[in-house]
Amino acid sequence: MNRRLALPALIVLAAALPFVLSNFRLFQFTLVFVNAIALLGLNVLTGYNGQISLGHAAFYALGAYTSAIMIDKWSVPYALTIPVAGLLCLVAGFLFGIPALRLEGLYLALATFALSLAVPQILKYFEHWTGGSQGIVLSKPDAPFGLPLTPDQWLYFMTLGILLLLFWLAANLLAGRTGRAIVAIRDHPTAAQAMGIDTALYKSLTFGVSAAYTGVAGALSALVIAFVAPDAFDVFLSITFLVGIVVGGLASISGAIFGALFIQFVPIWAQDISKAAPWAIYGGVLILFMYVMPLGIAGTLRLAWARYRISPKWGPRHGPQTPQRSAAPRQSRGAPR
Amino acid sequence: MDIFFQQVVSGLATGGIYGSLALALVMIYQATDVVNYAQGNMAMFSTYIAWSMLDAGWPYWLAFFATLAIAFVGGVAIERIVIRPVENAPILSIVIVSIGLLVILSSVAGWIYTYTQKPFPSPFPNRPVKLGNVIVGAHDIGAITVTLIVLLLLYLFFRYTTLGLAMRAAAQNPVSSRLVGIRVGWMLALGWGLAALVGAVAGIMVAPVVFLDPNMMGGILIYAFASATLGGFTSPGGAVVGGLIVGVTENLVGTYVRFIGTELKLTVALAIILIVLMVKPSGLFGRGTVHRV
Amino acid sequence: MPALLEVQRLEAQYRWTKVLHGVDFAVEEGGITTILGANGAGKTTTLRAVCGMIKTAGEVRFAGRRIDGRATEDIVRLGIAHVPEGRGTFVNLTVEENLRLGAYGRRERGALAADFGRVYEYFPVLRERRGQLAGTLSGGEQQMLAVARALMLRPRLLLLDEPSLGLAPLVVREIFRIVRTINRDDGVSVLLVEQNAAIALALADHAYLLETGRVVISGAAAELGRDESIRRSYLGY
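Residues numbered from 1 in each chain as written. Chains lettered and ligands numbered in written order. Predicted model: local features only at pLDDT ≥ 70, side-chain atom pairs only at ≥ 80, totals over all residues.

K.L.:
Kindly report on the nonpolar core, identifying the contributing residues and their values.
P.N.:
Ranked by internal contacts, the top residues of the largest apolar core, which has 283 residues, are Ile37 and Val216 of chain A together with Leu21 and Ile273 of chain B. Looking at this core, the element that brings in the most residues is helix H8 (residues 184-210) of chain B, giving 17 residues. For Ile37 of chain A, the residues in contact, after removing those within four places along its chain, are Leu163, Leu166, Tyr213, Val216 and Ala217 of chain A. (Core = buried A, V, L, I, M, F, W, Y, C linked by C-beta atoms within 7 Å. Buried ≥ 20, exposed ≤ 12 C-beta atoms within 10 Å, placed from the backbone. Helix = DSSP H or I, 4+ residues; strand = E, 2+ residues; numbered from the N terminus. Contact = placed C-beta atoms within 7 Å.)

K.L.:
Can you explain the interface of chain B and chain C? Please cite residues and give values.
P.N.:
Taken together, the 15 residues of chain B in the interface contact 17 residues of chain C. Put simply, the parts of the chain that give the side of chain B that touches chain C at least two residues each are helix H6 (162-172) and helix H7 (174-179) of chain B. The element contributing the most residues to the side of chain B that touches chain C is H6 of chain B, with six residues. Classifying every residue of the side of chain B that touches chain C gives seven nonpolar, five polar and three charged. (Nonpolar A, V, L, I, M, F, W, Y, C, P; charged D, E, K, R; others polar.)

K.L.:
How would you explain the interface of chain A and chain B if you had to name every residue and give the values?
P.N.:
Tallying the contact residues gives 28 residues for chain A and 34 residues for chain B. For the side of chain A that touches chain B, the secondary-structure elements that each account for two or more residues are helix H5 (105-125), helix H11 (235-248) and helix H13 (278-292) of chain A. Of the residues assigned to the side of chain A that touches chain B, the class counts are 23 nonpolar, four polar and one charged.

K.L.:
If you had to explain the domain arrangement of chain C to someone new, which residues and values would you point to?
P.N.:
All names here are of chain C. In terms of domain boundaries, chain C breaks down into domain 1 (5-79 + 155-235) and domain 2 (91-154). Each of domain 1 and domain 2 has a C-alpha centre, and these two points are 23 Å apart. Contacts between the two partners involve 13 residues from domain 1 and, on the opposite side, eleven residues from domain 2. When residues of the side of domain 1 that touches domain 2 are traced back to their parent elements, those giving at least two are helix H2 (72-77) and helix H7 (169-186). (Domains from an automatic or database assignment.)

K.L.:
Tell me about the sheet that holds strand E10 (residues 214-220) of chain C, residues and numbers included.
P.N.:
Sheet strands associate in pairs through backbone hydrogen bonding, adopting either a parallel or an antiparallel arrangement. Residue and element names in this part refer to chain C. Pairing in this open sheet of six strands is mixed, and the strands run E6-E7-E8-E3-E9-E10 from one edge to the other. What marks the edges here is a single partner per strand, and that holds for strand E6 (80-83) and E10. Across the sheet, the mean angle from the axis of one strand to that of its neighbour is 15°, orientation sign disregarded. Here five bridges tie strand E7 (residues 157-161) to strand E8 (residues 189-194), and the two strands are oriented parallel to one another. The residue bridging Leu157 from the neighbouring strand is Ser189, located in E8. (Pairing = 2+ DSSP bridges. Axes fitted to C-alpha atoms, helices over the stretch in contact; angles between N-to-C directions.)

K.L.:
Quick rundown of the pairing of E8 of chain C? Include the residues and the values.
P.N.:
Residue and element names in this part refer to chain C. Counting buried positions along E8 yields six of six residues, so the element is predominantly enclosed. Going residue by residue along E8, you find Ser189, Leu191 and Val193 tucked away on one face and Val190, Leu192 and Glu194 tucked away on the opposite face as well. Note: strand E3 (residues 32-37) against E8, five bridges, orientation parallel. Directly across from Thr34, in E8, lies its bridge partner Leu192.

Laid out in structure tokens, this is it:
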């Protein structure tokens, strides 16, 4: 009951922020939402389905550049570019997922790693479309229907709205049969197949959906930042996404938000602490985080909650007592069962 | 034809370095199922330590061996102090720790030594060497020799000593190893120490060629991944052979294929990785994984 | 005289499931004790608990000193050799390397050759196959290798976990004969966990019967073997 109130309360809080925060902070929080969508995409693939990807920067870039090119070259209304980017990435992800079926664990990580490395170079190569190293500059859209919002505020609300929609979709997908199938494939692939789950189809589809989410995030990032350039979409971005889902918590929807907050703000705090070696601080924080919360923030919270519930001392009392083991018969000699 | 042999020898030299780093990666992967993304930066940091010694006037080979000793101890210490607290955590969590380590090493090196490139001396004379009709660089020959000696010593250690045997056992089957009294935790630490030592050799041998800076090992690490992928992540020998093949291929492609400029040089590594993974993921010498039901 | 191995109120659990609920037993110096029970009774867990491989509560004493809570490798170095369920051989190492590792935890490091000689005498097939990878041996040969490896430790106490599992009766008989020999000639105490009650009771001095994590019957092996009602209800023959 307490948890049911938490979500609406958070949404109300989030809706109030644009009127309280400075433009820059608002921009940062908008990026947190964008990152959260990307992280949820990756989490569906890696956390729930067990397919490790170090290549999601590629889908992020695909989404971002799809949006940027459509707006810049063909003057497509920006709102339309988002679903198009998502759809394109869905197909791309699905197609990539097919050869990826043969690879597991380390090998999939390597293949996606190689993909990430290639992205900036490919983007620079197709200069005519992508604007090469200079990238593409966009302008921030104004709020529609004459709403009294600044562009930053409008982007914030739009991103928040899309985030809520996508999170709701994911929650429903993962709670039902599809979600169970996806997790079953991660934990017991052979058993899943034996039970009639078409693992190949599900794995490819999961790749597609994961890419679609990350692609939408990429498209949003292009609008929010109003600029795309190849070097932003490198392997380090993919690694950052991975850090985000592990720190936030694998196989968790709320973990995407925690992770997004982490990857957005911790590097900045690290810089505040040490101008000279900020990444050393960041690395240190990462390591400490893994010591204290190896299951990520969401995972640790989940564990703590579960322990609280079954704790005889602290937990809530529910109905019948937990069954006690009855005392065993001592030295029973020759008593037939 | 002379150019061909030159490039092959040069390729073997860089290949030896790729292979060494790949060997370090495979050693740790075999024992722990974790890829140590910080391996390259550990090698870089060791090389900076060597540089400090040389800068202070130490004779080359003294600095060389002292650095190897420090790298070994450092590797052991990192495993016992940094990795041990998470050794039972999910694999991805350990990967994040190695990423944290990577970032710390790079940042601290930049802070202490700045990001300006520094020249690094080679112990081998600068003049070319004549092998039959072919002229090759002395440093290339020297690097190949040093690398091969280190690898040979490592091989002998693992094959013929009791400690080496215990380390192999601990990597293959930690549970049974405990049942014969092997302190598996310390075997792991020794593995990290040796991997760090091998990485230091690679760093010291490659620094004269690519110059010393905190991001020196980035590209080399990627080539090491390609080498380990080609040779097989489950085969230490394969990693070395993979490195040699990758080194030679990189040089030959760079020489004979026109449109591969330095920008797309990385493409060779990527292409190798993707091709191997498509055709035979376990690599040339690796064993395919058996799926337990 | 206190027993070589004394276990009191031993509890053990895996994750959230408790498997042993307070088990008491002992192995006399120079004796052979067997723990019997059906699948899931907790027999393997008991041996794992003695070796410190799982989380335990209660007391385990070896030669008077407490070993509960200590690391497996340290317990082994005190002279307890464990032949686990599934044999636990190093399948990618040769027979000889497996045996050499058996002696790793020993106090006295020298005189390996004598130990090899002795072990090859008990198990001549291992000498034949000493250069082969352990994984290429048959089930029976691997079991012999596992026992031989344990002997290389020169243990005071030998723990055997279901050595008869999956082996042909002739092979089983041979292994048990060798166990009896080393107990008699070298004074090695034995704690034997078995499902096959008949052969276990024929070998052992003392027996305990485990049922869902508790000792329900204990006594001299010969008596338990004779008691028809016990045999029929608990031992299945």
